[in-house]
Amino acid sequence: MIFSEIDQIRFGDAVIGFEVRRSTRRHKTMQLSVGPDGVRVAVPVATPPDEIHGFVRQKARWILDRLAAARAAPSPSELPSSLPYLGRDLNVVVENGVVLDVDVRFRPWELQVFLPFEVAEEDVANEIRSAVNEWYWLRALEHVSTSVERWWPDLGRGAKPEVLIGDQRKRWGSCAADGALRFNWRLVMLEPRLLDYVVVHELAHLTERNHGPAFWELVAEVLPDVAERKAALHSVEGTLPL
C-alpha cells in the first residue's frame with residue numbers, strides 16, 4: 001500500500017517541493033526521482049519527516065540542477081501513451097530519475113519508466129524500448145509459468161519441461177517433439193483467458209501432435225468455450241504494439 005503526501009524544504013533562496021510516497025513494501029532505503037513534473041521521494045511507511053527532510057536537503061543542489069535540466073529537455077518518451085497488459089490499457093509515464101539504468105516499474109494501471117539523465121539523446125528511444133520489452137518478457141515468463149502449473153494436472157505428460165519465452169513473430173506458442181514449450185512474450189498483453197487458451201493448446205500437443213478432431217476434443221474437455229477463445233485470439237493477431 002502506498003500513501004502520498006506533499007512536503008517542502010528551503011535551500012538558500014529556493015524552495016524545493018516534493019511528493020513523499022510512503023510504501024508498506026519498502027523497508028529500509030529511500031529513493032529520489034526528479035522529472036519535469038517535480039520531485040518524488042519513496043520511503044518506508046514509518047519514516048520520520050525530519051529524516052526525509054535531511055535526505056532531500058543532502059541532494060538539494062543536485063535536485064535543483066536536475067529540475068532545470070529536465071524542464072529544458074524534450075520529453076524522452078518514444079513509446080505510445082498506453083500499452084496493453086493482461087487485456088487492459090496500461091498508461092505509460094516516462095521521466096528522468098536518479099537511476100543507473102532505465103528502470104521500469106508497475107503501479108496499477110501505470111507503467112513508470114525512469115530514465116537516467118546521462119543517456120545520450122540519440123540512445124533514448126532504444127534504451128526505453130529495450131527496458132520495456134525486458135519488463136514484458138519477465139512478466140510473460142511469470143504469467144505463462146503460472147498458467148502451465150495450473151493446467152499441467154489436466155494435460156501434462158512425462159517430466160514437466162522448462163517454460164521458454166521467445167520473440168516469435170507469427171506464433172503464439174509451440175510444443176517441440178521433445179516436449180519443450182515455447183511461448184511468445186506478447187501473450188502477457190492479452191486477457192488471461194486467451195493466455196490460458198494458448199497454454200492449454202500447447203499442452204494438448206503433448207498428447208495429440210496434430211490438429212485433428214482428437215486434439216480439439218481434448219482441448220474442449222478442459223476449455224468448453226474453446227471456439228470463443230480461439231476466435232478472440234485471432235481477432236487480436238497483428239494488432240499488438242512492440
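Just give me the short version of the pairing of strand S6 (residues 88-96), but keep the residues and values in it.
Within a regular strand, side chains alternate between the sheet's two faces. Judged from the four bridges that link them, strand S5 (residues 82-85) and S6 form a sheet pairing that is antiparallel. Its bridge partner being in S6, Ser 82 is matched across the sheet by Asn 91. The antiparallel pairing of S5 with S6 creates a hairpin that spans two residues between the two strands, and Leu 86 there sits at a positive phi of about 55°. As judged from the six bridges shared by S6 and strand S8 (residues 110-115), these two strands associate in the parallel manner. Following the sheet pairing, Asn 96 is matched in S8 by Leu 115.

Break down unusual backbone geometry for me, citing the residues and quoting the values.
Cis peptide bonds are those with omega within 30 degrees of zero, and the linkage from Pro 108 to Trp 109 qualifies with -20°. If you trace the backbone, Trp 109 turns up in the loop between strand S7 (103-107) and S8. A positive phi is found at Leu 86, a non-glycine position, where the angle reads about 55°. When you line up the elements, Leu 86 lands in the loop between S5 and S6.

Please set out the pattern of salt bridges residue by residue, giving values where relevant.
This model, assessed by the stated rule, comprises 13 salt bridges. Of the charged contacts in the structure, one is a salt bridge between Glu 110 and Arg 107, with a shortest N-O distance of 3.0 Å. Where Glu 149 meets Lys 160, a salt bridge forms, and the shortest distance between an N and an O atom there is 3.0 Å. With a gap of 11 residues between them, Glu 149 in helix H3 (residues 124-155) and Lys 160 in the loop between H3 and strand S9 (163-166) connect regions that are remote in the sequence. On the basis of relative accessibility, which here comes to 46%, the residue Glu 149 falls in the partly exposed class.

How would you summarise the sheet that holds strand S10 (residues 173-175) if you had to cite specific residues and measurements?
Across the sheet, which stays open at both edges, the three strands sit in the order S9-S11-S10 with mixed pairing between neighbours. The open sheet has two edge strands with one neighbour each: S9 and S10. Mean inter-strand twist for the sheet, computed between neighbouring axes without regard to direction, equals 20°. Examined bridge by bridge, S10 and strand S11 (residues 181-184) share three bridges and lie antiparallel to one another. When the bridges of S11 are listed, Cys 175 appears paired with Leu 181. In the packing of H3 onto the sheet, contacts are made with S9 and S11, and the angle to S9 comes to roughly 145°.

So what's going on with the environment of Ser 81? Residues and values would help.
Mapping Ser 81 onto the fold places it in the loop between helix H2 (60-72) and S5. Residue classification places Ser 81 among the exposed positions, given a relative accessible area of 60%. Along the sequence, Ser 81 and Val 94 sit 13 residues apart, while their C-alpha atoms lie 9.4 Å from each other. Aside from chain neighbours lying at most four places away, what touches Ser 81 is Leu 90, Asn 91 and Val 92.

Each value, and the rule that gives it
- Residues numbered from 1 in each chain as written.
- Predicted model: local features only at pLDDT ≥ 70, side-chain atom pairs only at ≥ 80, totals over all residues.
- Heavy atoms only, no water.
- Pairing = 2+ DSSP bridges.
- Helix = DSSP H or I, 4+ residues; strand = E, 2+ residues; numbered from the N terminus.
- Salt bridge = Lys/Arg side-chain N within 4 Å of Asp/Glu carboxyl O.
- Buried < 20%, exposed > 50% of the residue type's maximum accessible area, 1.4 Å probe, protein only.
- Axes fitted to C-alpha atoms, helices over the stretch in contact; angles between N-to-C directions.
- Contact = heavy atoms within 4.5 Å.

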